[in-house]
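Single-letter residue listing:
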Amino acid sequence: MKDLNYKSFRILAVDDDSTIRDLYQGILKSNSPSAALPNFELTCCSQGDEAVEAVKRSFEDDAPFAVAFLDLNMPPGPDGEWTAEEIHKVDPRIITVVVTGYRSTNFSKTGQQARFSDKLLYLQKPFHPREIIQFATALSIKWQAQKQLLTMHADLENLVEQRTAELVKSNRLLKIEIENRKRMQQELQQSFESLKIAMHSTIQAISMTVEKRDPYTSGHQQRVANLAKTIAEELELPESQIESIYMAAGIHDIGKISLPAEILVKPIPLSDIEISLVQAHAQAGYDILKGIDFPWAIADIVLQHHERMDGSGYPLGLAGDNIVFEARIICVADVVETMASHRPYRPSIGMDKALEEIVNNRGVLYDPQVVDACLKIFKEKDFSFPG
Ligand SMILES: [Fe+2]
């Protein structure tokens, strides 16, 4: 009972008979609060419409009645059931007890017909004071419990509504965030693609600049790039590595830009001094490219494209695994393309001789894995240089 936290309940007693009203006063007003019983604040009315007004006022004053005892017949005014119905229109929570001395009244039928049947009870006259106290106490406590239940229910609904709103909000923010990230990712991807295109165009422009000075080897770097890329694909290397090989091969002779044009176009074999000048192009290429921030080690690949597996190459004399794998692929592609093409100082040696060269020096000068892949694409996959 303490949990219900009541102090006193408002009771409405309506009867046209002043003796009965006095009786209510005597029964409920003399009741003092105790551990077992609540205190009651009694309001008496003699007519139904007066009672409806009292309920309206109680509602406006935010001091609602818990229970209303209503006499059934109250001439000349409306009866107790009309009063009960009107009262419930104003305050649907009030519990009404219709008190009647007429035994003929069909209580259950009237109760079932009422829209507020769960808030309508009947009590027969003559009543015992104890009945009034018991009805007032039990119904007030029920009224209080229902009030608390409604409050808890409303609180719970508010909480659910609040949490739902929060969830909807965070869901919306999350969606926006996901959309933003998707857009940013797309923009990044687009700018990455544009950068790649710009980089390839730059490489091509550099490559053309080198080959403009050396018309006899025009297209050499592009043909080496195509063959090196096909070898890399045959070896099933990762896409990014294939791209780095293609890019490095496309400019592997960039260092030749530092050579005198006469050497590049000289139609007779070169002297020893001229050969060492030509060999310096690997280091020169590295020097040009080392400052450029490529996504791959392009400068190192270019530097090492004339290294040989047995350490007999240049400029560093690197051997075996010390030579980056990308350079080992470009090396084989470079040798094959050079031998198969015409040079200022000699006609084409031919594709058969070129392939013979890499087979004879497989594992000595050239990486065996790369040689095998190169042979396979020429012999089994009909690779050929365009033009
Ligand atoms: Fe070269």
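So, here's what we can say about the structure. Everything numeric here is computed off the predicted structure, so don't read it as measured data.

## Considering the coordination of the iron ion
For step 1, the next point in the chain: On the protein side, the iron ion has Asp253 (OD), His281 (NE2), His305 (NE2) and His306 (NE2) as donor atoms, found 2.1 to 2.4 Å from it.
For step 2, the next point in the chain: Of note is the iron ion, whose four donor atoms meet at the metal with angles of 79 to 165° in an arrangement that counts as irregular.
For step 3, the next point in the chain: Mapping the donors of the iron ion onto the primary sequence gives the spacing D-x27-H-x23-H-H. In this pair, aspartate 253 sits in the loop between helix H7 (239–250) and helix H8 (261–264) while histidine 306 sits in the loop between helix H11 (298–303) and helix H12 (325–340), placing the two residues 53 residues apart along the sequence.
For step 4, the next point in the chain: Judged by its relative accessible area of 14%, histidine 306 is buried.

## Some remarks on the pattern of salt bridges
For step 1, the next point in the chain: As enumerated under the stated definition, the model contains 16 salt bridges in all.
For step 2, the next point in the chain: Here lysine 125 and aspartate 15 are joined by a salt bridge, their closest N and O atoms 3.2 Å apart. You can see lysine 125 sitting in the loop between strand S5 (120–124) and helix H5 (129–212) and its partner aspartate 15 sitting in the loop between strand S1 (8–14) and helix H1 (18–29), a full 110 residues away along the chain.
For step 3, the next point in the chain: The salt bridge involving arginine 183 is made with glutamate 187; its shortest N-O contact spans 3.9 Å. On the criterion of helical spacing, the pair formed by arginine 183 and glutamate 187 is a turn pair, its members being four residues apart in helix H5.

## Quick notes on the packing of aromatic side chains
For step 1, the next point in the chain: Enumeration according to the criterion identifies four aromatic pairs in this entry.
For step 2, the next point in the chain: On the basis of an interplanar angle of 35° and a centroid distance of 5.6 Å, the ring pair of tyrosine 24 and phenylalanine 127 is categorised as tilted. A residue pair is termed long-range when its members are at least 10 positions apart, and tyrosine 24 in helix H1 and phenylalanine 127 in the loop between S5 and H5 qualify at 103 residues. Comparing tyrosine 24 with phenylalanine 127, the two get one shared label, buried.
For step 3, the next point in the chain: Members of the aromatic cluster, joined through ring pairs, are Tyr24, Phe69 and Phe127.

## Side note on the sheet that holds strand S3 (residues 67–71)
For step 1, the next point in the chain: Strand order in the open sheet formed by five strands is S2-S1-S3-S4-S5, and the pairing between neighbours is parallel. What marks the edges here is a single partner per strand, and that holds for strand S2 (39–45) and S5. For this sheet, the mean angle separating the axes of adjacent strands, direction not counted, is 20°.
For step 2, the next point in the chain: In this structure, strand S4 (residues 95–100) lies alongside S5, joined through five bridges in parallel fashion. From the neighbouring strand, valine 98 faces S5, where its bridge partner is tyrosine 122.
For step 3, the next point in the chain: Each of S1 and S2 touches helix H2 (residues 48–60); the most contacted strand, S1, lies at about 160° to it.

Parameters at a glance
Going along each chain's sequence as written, the residues are numbered from 1 onward. For this predicted model, a pLDDT threshold of at least 70 governs which residues receive local features, and a threshold of 80 or more governs which side-chain atom pairs are given and counted, while totals over whole chains, interfaces and linings are taken from all residues. Heavy atoms throughout the structure, all of them, feed into the side-chain values; hydrogens and water do not. Donor atoms: N, O and S within 2.8 Å of the metal, or within 3.2 Å for Na, K and Ca. Because water is excluded, sites can look incomplete. Any site counts as irregular unless it has four donors with all angles between 85 and 135 degrees, making it tetrahedral, or four or six donors with opposite ones more than 155 degrees apart and the rest between 65 and 115, making it square planar or octahedral. The secondary structure listing takes helices from DSSP runs of H or I that are at least 4 residues long and strands from runs of E that are at least 2 residues long, numbered from the N terminus. Remark: exposure states derive from per-residue accessible area (1.4 Å probe, protein chains only) relative to the maximum for the residue type, with buried under 20%, exposed over 50%, and partly exposed in between. The term salt bridge refers to a pairing of a side-chain nitrogen on Lys or Arg with a carboxyl oxygen on Asp or Glu at a separation within 4 Å. The criterion for an aromatic pair is that two Phe, Tyr or Trp rings (for Trp, the six-membered ring) have centres within 6.5 Å, with stacked assigned to planes under 30 degrees apart, edge-to-face to planes over 60 apart and tilted to the rest. Any two strands are treated as partners once DSSP identifies two or more bridges connecting them. Working convention: axes come from line fits to C-alpha atoms, limited for helices to the stretch in contact. Angles between N-to-C directions cover 0 to 180 degrees. The contact criterion used throughout is that any non-hydrogen atoms of two residues lie within 4.5 Å.

Taken by themselves, the reported measurements are silent on function.
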